[in-house]
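Coordinate analysis (summary)
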Amino acid sequence: MPEYRYAAYPSAKVYDAAGNQIQHLLWGDWVRLEGEPADGMVPVHVRGVDGWMREKNLQKERLLEIVFVDVGQGDGCLVVTPDDKKLVIDAGDKDNMHRFLKWRFNFRSGIRKLDVAIITHPDRDHYFGFGRLFRERNLKFSRIYHNGIMEQQPNQFGAQPVEDGVRWVTDLVETKGDLEAFLATPERYGKKLYPNLMKDALAALAPNGDIRMLGTSGDPAEKVYLEGFGAEKELSIRVLGPVPEFDAAGKRRLRWFKDKPSGGSYDSGKTKNGHSVILMLEYRGLRVLLGGDLNSSAEAFLLQHYTDLDWPPADGNEESILIDTARLTFGADIAKCCHHGSADFTDVFMAAVHPAATVVSSGDEESHAHPRCDTLGAIGRHGRGWRPLILSTELSRSTRERETITREVIDRLLARIDAAEAPEDREALLQERNRMLDELTTRNVTTYGAINLRTDGHRVVMATRLEVPRTGNSGGKKTLSRWDIYTMERKGGGPLVYTA
């Protein structure tokens, strides 16, 4: 049996027989041992190359890994746990997540089973990319979760009763049986995209798999956890939203949100976004908040719900008390920025989260100008430490110039295809064109734009892959850097902060 180790903190180098560096590994990367150590060096195979690594640059412990995939305008991340559980949380609007996972897990070699898929809410730039995943014949999910809101017709969320001065979403799809019954009545949804995607979700379940609504109990004192990730686990995943409320008969419902925290008009977009699935991952005390597309109206509701304090705070003193109290629930070391850097947030909620690093997932070609300038300023202002980190999938990738050169190569190939006379020659050239396009999209979007988080629960590395590796010389030896790396540690028993 092959023996494996992992690259040590914060990164590790692979050398050839002459002592020149040939590979640069990120903390936690897999390494296959090819022999016994000699003079402190170990023969290895990693990332397609054979070489040597210093024995001290290898470790036995596997890390928690989160990859914030560059899905363009949208959200999508992969969580891989130290015991090899795999969770996909949102999948963007296009096929970038499918391309990333196909590259990562090699669907062509047979059926792959992932443990969990979570659709945080029915907004296209979070759910539509799941279509390719759910229709992938070599991929199955053990459990699929969503926030219970289903697009309908003629009313967007079905019945809209008003009670106690609040409009409610009452037609929640809570169980697999509820979903099957809903989909069995096509006139309830017609050609709406989200319900039709959920048909594919049912087909993507592994044998004995389940699909259901994810939410809290409604009681802020009662903590709800994702199945298999309870409070007793070293890695726990607490569900903080959506927060259902109950009618007189004890039936769950979700309130409609208005376009402003202080009131205004009921807003369907604010409602489905505001009831995003919110998760707090905690690993050995390290906390990571994944907040979907929360908005200011939803944040005001959550702050009241979890603190039992008034909104808005009457003065600076009340605001400080609200922030400190909310931090017990929402305080995190690392946060995924809500709603791609939208300006629709409250400073109180952001101050309560108070992260050392924030990840913004946004796209190049969109009309919202995400992330907003004032949002970036607020993230820095309310962040933790001497230099809070802001990492962006959009800024991590800037390959337009290289992309153009590659397209010129493809254009020349198209001319050869047009000139091909034999059908077999034309087919071979078409396959080569498809291979080039697939590699272009994978490398330019899913590989270079991804933000990688690795942690043992005490230290954190966050890194993006360099589009052009840095090369140099040190002591007459070739050096190579493939990663832009940021490290975070706890100093003197204090909170996690960025360390230069």
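Here's what I pulled together on the structure shown here. (Residues numbered from 1 in each chain as written. Predicted model: local features only at pLDDT ≥ 70, side-chain atom pairs only at ≥ 80, totals over all residues. Heavy atoms only, no water.)

1. Focus on the overall build of the chain
Looking only at helices and strands, the chain features 12 helices and 30 strands. A globule of 500 residues ought to have a C-alpha radius of gyration of about 23 Å, and the chain, at 24 Å, matches this closely. The C-alpha extent of the chain, read off along each of the three principal axes, is 75 × 70 × 45 Å. As presented, the chain carries roughly 22200 Å² of accessible surface, and 47% of it is formed by carbon and sulfur atoms. (Helix = DSSP H or I, 4+ residues; strand = E, 2+ residues; numbered from the N terminus. Rg over C-alpha atoms; globule rule 2.2 N^0.38 Å. Areas by Shrake-Rupley, 256 points an atom, 1.4 Å probe, with all protein chains shown as cover.)

2. Observations concerning the pattern of salt bridges
For the coordinates displayed, the defined rule picks out 31 salt bridges. With a closest N to O distance of 3.2 Å, Arg-135 and Asp-200 form a salt bridge. A residue pair is termed long-range when its members are at least 10 positions apart, and Arg-135 in helix H3 (residues 130–135) and Asp-200 in helix H5 (residues 193–203) qualify at 65 residues. Owing to a relative accessible area of 52%, Arg-135 belongs among the exposed residues under this scheme. We classify Asp-200 as partly exposed; its relative accessible area is 22%. The partner of Arg-284 in a salt bridge is Glu-234, with the nearest N and O atoms 2.9 Å apart. Of this pair, Arg-284 sits in the loop between strand S22 (278–283) and strand S23 (286–290) while Glu-234 is found in the loop between strand S16 (224–225) and strand S17 (235–241), placing the two residues 50 residues apart along the sequence. Among the charged side chains, a salt-bridge network with shared partners connects Asp-29, Arg-47, Glu-65, Arg-104 and Arg-454. (Salt bridge = Lys/Arg side-chain N within 4 Å of Asp/Glu carboxyl O. Buried < 20%, exposed > 50% of the residue type's maximum accessible area, 1.4 Å probe, protein only.)

3. Let's talk about a negative patch on the surface
On the surface, a cluster of negative charge is contributed by Asp-308, Asp-310, Asp-315 and Glu-318. Examined against the element boundaries, Asp-315 turns out to sit in the loop between helix H7 (296–307) and helix H8 (316–330). (Patch = residues over 30% accessible without salt bridge, like charges linked within 9 Å, V, L, I, M, F, W, Y side chains within 5 Å. Lys, Arg positive; Asp, Glu negative; His and termini not counted. Charge placed at Lys NZ, Arg CZ, Asp CG, Glu CD.)

4. What to know about the sheet that holds S22
Taken in spatial order, the seven strands make up an open sheet running S16-S17-S22-S23-S24-S25-S26, and their pairing is mixed. The open sheet has two edge strands, S16 and strand S26 (389–392), and neither has a second partner. Across two bridges, the pairing between S16 and S17 is antiparallel. Bridging across to S17, Val-224 finds its partner in Val-239. Against the sheet, H8 makes contact with S17, S22 and S23, and its axis sits at roughly 95 degrees relative to S23, the strand it touches most. (Pairing = 2+ DSSP bridges. Contact = heavy atoms within 4.5 Å. Axes fitted to C-alpha atoms, helices over the stretch in contact; angles between N-to-C directions.)

5. A closer look at the nonpolar core
Within the largest apolar cluster, 37 residues are counted, with the highest numbers of intra-cluster contacts made by Leu-279, Met-462 and Met-488. Residues contacting Leu-279, with those up to four places away along its chain left out, are Ile-89, Ile-118, Leu-214, Ile-237, Arg-238, Val-239, Val-288, Leu-289 and Leu-290. Grouped together as the second largest cluster of nonpolar side chains are 36 residues, Phe-100, Val-173, Phe-182 and Ala-450 included. (Core = buried A, V, L, I, M, F, W, Y, C linked by side-chain atoms within 4.5 Å.)

6. Some thoughts on the environment of Pro-82
Topologically, Pro-82 is positioned in the loop between strand S9 (76–80) and strand S10 (86–91). Spatially, the C-alpha atom of Pro-82 lies 7.8 Å from that of Glu-65, the residues being 17 residues apart in sequence. Once you skip the residues sitting within four places of it in the chain, Pro-82 turns out to touch Arg-62, Leu-63, Leu-64 and Tyr-283.

7. Side note on unusual backbone geometry
With an omega of 5 degrees, the peptide bond running from Gln-153 to Pro-154 counts as cis. Along the chain, Pro-154 falls in the loop between strand S12 (139–146) and strand S13 (162–163). Of note in this structure, Arg-284 is not a glycine but carries a positive phi near 55 degrees. According to the relative accessible area criterion, Arg-284 is partly exposed, its value standing at 31%. Even without being glycine, Asp-308 reaches a positive phi, approximately 60 degrees.

8. Re helix H1 (residues 96–105)
In terms of burial, H1 is largely enclosed, as seven of its 10 residues are buried. If you check which residues of H1 are buried, you get Asn-96, Met-97, His-98, Arg-99, Phe-100, Leu-101 and Phe-105. Asn-106 sits one or two positions beyond H1 and adopts a positive phi of about 55 degrees.

9. Quick look at H8
One turn of an α-helix holds 3.6 residues; hence residues three or four places apart share an orientation. Under the 1.5 Å per step criterion, the end-to-end length of H8 is 20 Å for 15 residues, consistent within 8% with the ideal 21 Å. Contact partners of the buried residues in H8: S17, S22, S23, H7 and helix H9 (347–353). A distance of 3.1 Å separates the backbone nitrogen of Asn-317 from a side-chain oxygen at the start of H8, and that oxygen is part of Asp-315. (Expected span 1.5 Å × (residues − 1). Polar contact = N/O pair within 3.5 Å; in protein donor to acceptor, adjacent residues only side chain to side chain.)

10. Quick notes on the packing of helix H4 (residues 176–183) against H5
Running from N to C, H4 and H5 point in directions that differ by 125 degrees, and their axes come no closer than 11 Å. Considering the angle they form, H4 stands oblique to H5. Remark: the crossing between H4 and H5 carries left-handed chirality. Two secondary-structure elements touch here, H4 through Lys-176, Leu-179, Glu-180, Phe-182 and Leu-183 and H5 through Pro-195, Met-198, Lys-199 and Leu-202. Considering only residue class, the contact of H4 with H5 consists of six nonpolar, no polar and three charged. (Parallel < 35°, antiparallel > 145°, perpendicular 65-115°, else oblique. Left-handed = near helix turned anticlockwise from the far one by under 90°. Nonpolar A, V, L, I, M, F, W, Y, C, P; charged D, E, K, R; others polar.)

11. Structural notes on the packing of H7 against H8
In contact at an axis separation of 9 Å, H7 and H8 are set at 85 degrees when each is read in the N-to-C sense. By the criterion of interaxial angle, the relationship of H7 to H8 is roughly perpendicular. For the pair formed by H7 and H8, the contact residues are Leu-302, Leu-303, Tyr-306 and Thr-307 on the first element and Leu-322, Thr-325, Ala-326, Thr-329 and Phe-330 on the second. In terms of residue class, the contact of H7 with H8 is built from six nonpolar, three polar and no charged.

These figures come from the coordinates and say nothing about function on their own.
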